[in-house]
Each structure stands twice: as structure tokens, then as C-alpha cells.
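# Results of the structural survey
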Amino acid sequence: MNDQILAKAAAFAGTSCYVFDLDMLKERITYLRTHLPEDVALCYAVKANPFLAGALDPVVDRLEICSPGELAICNRLHCTSGNYVISGVYKTPEVMHDQFYRSGNEIYTVESLAQYERLKEIALSAEKPMRLLIRLTSGNQFGLAKHDLEAVLVDAMQEPLLHVLGLQFFSGTQKTSIKRLKKELSELDAYLAELKERFGYEAEELEYGAGLPVSYFQRDAYDEDAHLAGVSEALNAMTFAGKITLELGRAIAASCGTYLTKVVDEKTIDGQKFAITDGGIHQLTYYGQFMAMKHPYVHLLTPHHGAQEEEWTIFGSLCTINDILIKRIPFAGLRTGDILAFERAGAYCVTEGIALFLSIDLPAVVLYENGALTLARNNTPTDGLNTPGDAPLTIASETR
Ligand SMILES: Cc1ncc(COP(=O)(O)O)c(C=O)c1O
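One structure accompanies this document, and this report is about it. Quick caveat: nothing in here was measured; it's all calculated off a predicted structure.

## Points about the overall build of the protein
A tally of regular secondary structure across the protein gives eleven helices and 17 strands. What you see for the protein is a C-alpha radius of gyration of 24 Å, in line with the 21 Å of a compact globule of 400 residues. For the protein, the C-alpha atoms occupy an extent of roughly 70 × 65 × 45 Å along the three principal directions. Among the 400 residues that make up the protein, the fraction classed as buried is 40%. For the protein, the proportion of contacts with a sequence separation of at least 24, taken over those separated by at least 6, is 70%.

Take a look at the structure:
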């Protein structure tokens, strides 16, 4: 996808908007597969960007789904339910019960004793086999402590309708340290061996959130080939003979996305040049809160050749002094009407922002595939979501 296509997308959908290149996305899957051990499977964490679930379904092995909304999206896109991993610390009754009755071939993660009891009850009442992955905690609210995990395992092993495939483990995102990853994998390896020894349980699978990092800022560039070689070495060093699935969000989705935002005003204050855009930090979320301090991969869609470079600070249009997209970045001839293209915006930007602040429209989403641009979501007003409804529901209040 080149800048001419991006300019067409901006003209077609208006700014601000997201453009996701599905051809590039599929190439990304090929890249990851060729740089990871051959037998390693890939699971896409839908939270990173649900707009990509339909394109990814045929080319990844699984889709990790964490909410009723994500489930509804995947079902509407006719994704392969046998590839769903229904995950999440709180699974609503609809997610657990209705989906299992509707389909039943998806995998459920177990994140608490109560969740296990509910899943078991559903499988028994439906009289259908249920596939489970038990999530081991990494010390936070997600997953189970070892003693509870083992209690679930022992109980499930006695229940013919429950099929515990193995363990799920996720300990964080943007993990750049191969040393840490090796330590984590060798501990998981030892624990899987321990489960075999103590309970005669041989896991078939490990689903592992590797937290593969994305280089978002120009100064943080890293050698991805070398990183994946380190990840592969750590995976190959495991004695665990079962299937390993890497659960990935940003490493799959980030690179295919571009966020387009237009400069709508400019001013000079205390000698500093400020540009105001029609976007903002509610629509452009990379990782952490430090992005304004660093320079992301960004360029002008239509460069002003020969113009003098000047330092600009780029703001969004939210009513907060924090709405700074980039501090002091050189641009040649920047002016009102120019469109800035922020690269690597395919993961989390579309989902993580504070979308309702200032009641600004949700940006349009454009998909690019095989030379064609498709409007996947119109510029969507949010004022309705921030206004008391037309037919207000009066909830009886108790009066003394
Ligand atoms: C359980 C789980 N798996 C996978 C992911 C994806 O992480 P990343 O985007 O770092 O690959 C997340 C992200 O929060 C997660 O919670």
C-alpha cells in the first residue's frame, strides 16, 4: 500500500481514519511462520484489532476471544468456531452457555474455580464434550494459582466430557528480553513435566502469550529476525513434546495499519510551532504513555519538496494538555490541510482509545486488499452514546 492509496483512502473516508492493509497482514503471518519453528501454531488475540479477524481466520490456527462483543464479531464474520479460544477473567453466562450450546467445538480457558464449575455444569447439562485450557497465573488477577490449577486438573481428569488440552500462560506485552522469555519457557517446561509426574497428566498443548514486541519508535528499532531466532531457540530447547501455540496481538496486527489525521490548525507560541490535528491520543495508542516523548514512524502524505524543515509539536483536538501526538519533530513545509500518516497503527489503536471523550466521532476504518479499498466502518458519531436516550427507561426509585 503506497501513499497514493492512502491519499485515496483519506479522500474516500475522511480524516481521521484507519487504513488496514490485509495483503500486508497476510504477508506478516508468512513472515512469522518462516521465522518460528515449523510446528508452532499461531493464535490471534482479537482484542488487538477485531477488524482483522475475518482476514486472519483462514491463515492463523486460532482466534483468542475475550468478550461477548469479540465473540459476536467473530460469529458475524463467520470465523471458524472450532478455532476459538474463549478466554477472559470474566466470561459472561452468554459467552459460556449460549456459545457452547450454539456450537460447542471452541476451547474455553479456565481462569478460576467458579469459572471451572460453571463450565463443567454447562458441559454436563449439554451432554457434550468440552475442550479446556487451564490458565496458569503470572501473579496477577488472571488465571489460577498452581494449587487451584491442580485441583481443577484432578477433577477434570475424572470427568469424561471434559478434555483438558493443556495450559495457557500470558505474562505481558512488549517483552523484549530473550533471557526473560527463556526463563519463563523453561519454568513452564518444568511445570508441565511435574504435572506428568505427580498426576499422570500429559498436556497436549501449551498456549503461550509470547508478548512479541513491536518497534514503534524510531530510536527503539530492534532486530526482529534476531529476536525471533532467540524465541525459536527457547521453544526448541523445551522438552515438552506437545503442540505449542503462540498467542499474539500486536506482533501480528501492528504493521498493517496506518492512522491518517489532518492538520486543521497551526500556531506559534513562545517561538514553538504547534500543529493541531483532527485526531488525537484517543485514536492513536501504541504502548504506554510515553509516545509524545519519542518519534513514531510518521510521514507527510504529500511532502513539500524543497521546503525548509522546522520543528513542530503535533497535537490532537481533545480538551486535555496531554493530547500530544509528537513533540518537536522536523517537517518540511507543514501546513493546515496536510495529512500525517502514522505507521504501525494496526494493533490496539482502534480498540484501546478513550473513544467517548469529547463526543468525537469514531474514525472510519478502511480495508485495503487486492488493490481495492473497502469502507469497513463509516465515520461514526458518538453523541448518541453520550446523550440521554429518546425513550428513557425510568427505574423505580425507592422513596422514604
Ligand atoms: C491473554 C492474552 N493473550 C495475548 C495477548 C496479546 O498480547 P500482545 O499484543 O502483546 O501479543 C493479550 C494482550 O493483552 C492477552 O491478554
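## Notes on the site of the ligand
Taken together, 14 residues are adjacent to the ligand, and Ala 45, Phe 170, Thr 173, Gly 249 and Arg 250 come closest. Listing elements by their share of the shell around the ligand, those giving two or more residues are β9 (243–248) and α10 (250–253). Among the residues forming the shell around the ligand, the class breakdown is six nonpolar, five polar and three charged.

## Comments concerning the sheet that holds strand β7 (residues 162–170)
Strand order in the closed barrel formed by eight strands is β2-β3-β4-β5-β6-β7-β8-β9, with parallel pairing between adjacent strands. Along the sheet, successive strands turn relative to each other by an average axial angle of 30 degrees, direction set aside.

## Here's the deal with the pairing of strand β13 (residues 309–315)
With four bridges joining them, strand β11 (residues 272–277) and β13 adopt parallel strand pairing. Residue pairing across strands places Ala 275 opposite Ile 314, the latter belonging to β13. The sheet contact formed by β13 and strand β14 (residues 324–332) spans six bridges and is antiparallel. The residue bridging Glu 309 from the neighbouring strand is Ala 332, located in β14.

## Focus: the packing of helix α5 (residues 93–102) against helix α6 (residues 113–126)
At a closest axis distance of 10 Å, the pairing of α5 and α6 adopts a crossing angle of 30 degrees. What the angle tells us is that α5 and α6 run roughly parallel. Of the two elements, α5 crosses α6, and the hand of that crossing is right-handed. Every residue of α6 that contacts α5 at Met 96, His 97, Phe 100 and Tyr 101 is listed here: Arg 118, Leu 119, Ile 122 and Ala 126. Here the contact of α5 with α6 is composed, by residue class, of six nonpolar, one polar and one charged.

## Digging into the pairing of strand β8 (residues 205–209)
In terms of burial, β8 is a largely internal element, five of the five residues being buried. Burial along β8 is two-sided: the face carrying Glu 205, Glu 207 and Gly 209 and the face carrying Leu 206 and Tyr 208 are both buried. Both β7 and β8 contribute to a ladder of five bridges, which runs parallel. Counted as the bridge partner of Leu 167 is Leu 206 from β8. You can see the chain leave β7, run along helix α8 (residues 178–199) and come back into β8, and the turn it takes is right-handed. As judged from the four bridges shared by β8 and β9, these two strands associate in the parallel manner.

Rules of the game
Throughout, residues of each chain are indexed from 1 in the direction in which the sequence is written. A pLDDT threshold of at least 70 governs which residues receive local features in this predicted model, and a stricter bar of 80 or more applies before side-chain atom pairs are shown or counted, although totals over entire chains, interfaces and linings include all residues. Strands are runs of DSSP state E lasting at least 2 residues, helices are runs of H or I lasting at least 4, and numbering of each runs from the N terminus. What the globule rule says is 2.2 Å times the number of residues to the power 0.38, and the radius of gyration is computed from C-alpha atoms. With C-beta atoms placed from the backbone, a residue counts as buried when 20 or more other C-beta atoms lie within 10 Å of its own, as exposed when 12 or fewer do, and as partly exposed for counts between those limits. Residues are defined as contacting one another if the C-beta atoms placed from their backbone atoms lie within 7 Å. In this text, near has one meaning. A residue is near a molecule or strand if its C-beta atom, placed using the backbone, is within 6 Å of it. Here the term charged refers only to Asp, Glu, Lys and Arg, the term nonpolar to Ala, Val, Leu, Ile, Met, Phe, Trp, Tyr, Cys and Pro, and the term polar to all other amino acids, Gly among them. We treat two strands as partners when DSSP finds at least two bridges between them. Geometry is summarised by axes, namely lines fitted to C-alpha atoms with helices restricted to the contacting stretch, and by angles between N-to-C directions that run from 0 to 180 degrees. In this scheme, roughly parallel covers angles under 35 degrees and roughly antiparallel covers those over 145, while 65 to 115 is roughly perpendicular and the rest are oblique. Crossing handedness is read from the near helix: turned anticlockwise from the far helix by less than a right angle, it gives a left-handed crossing, and turned clockwise, a right-handed one. Crossover handedness is defined here as right-handed if the route from the first strand over the helix to the second strand goes clockwise, with the strands pointing away from the viewer.

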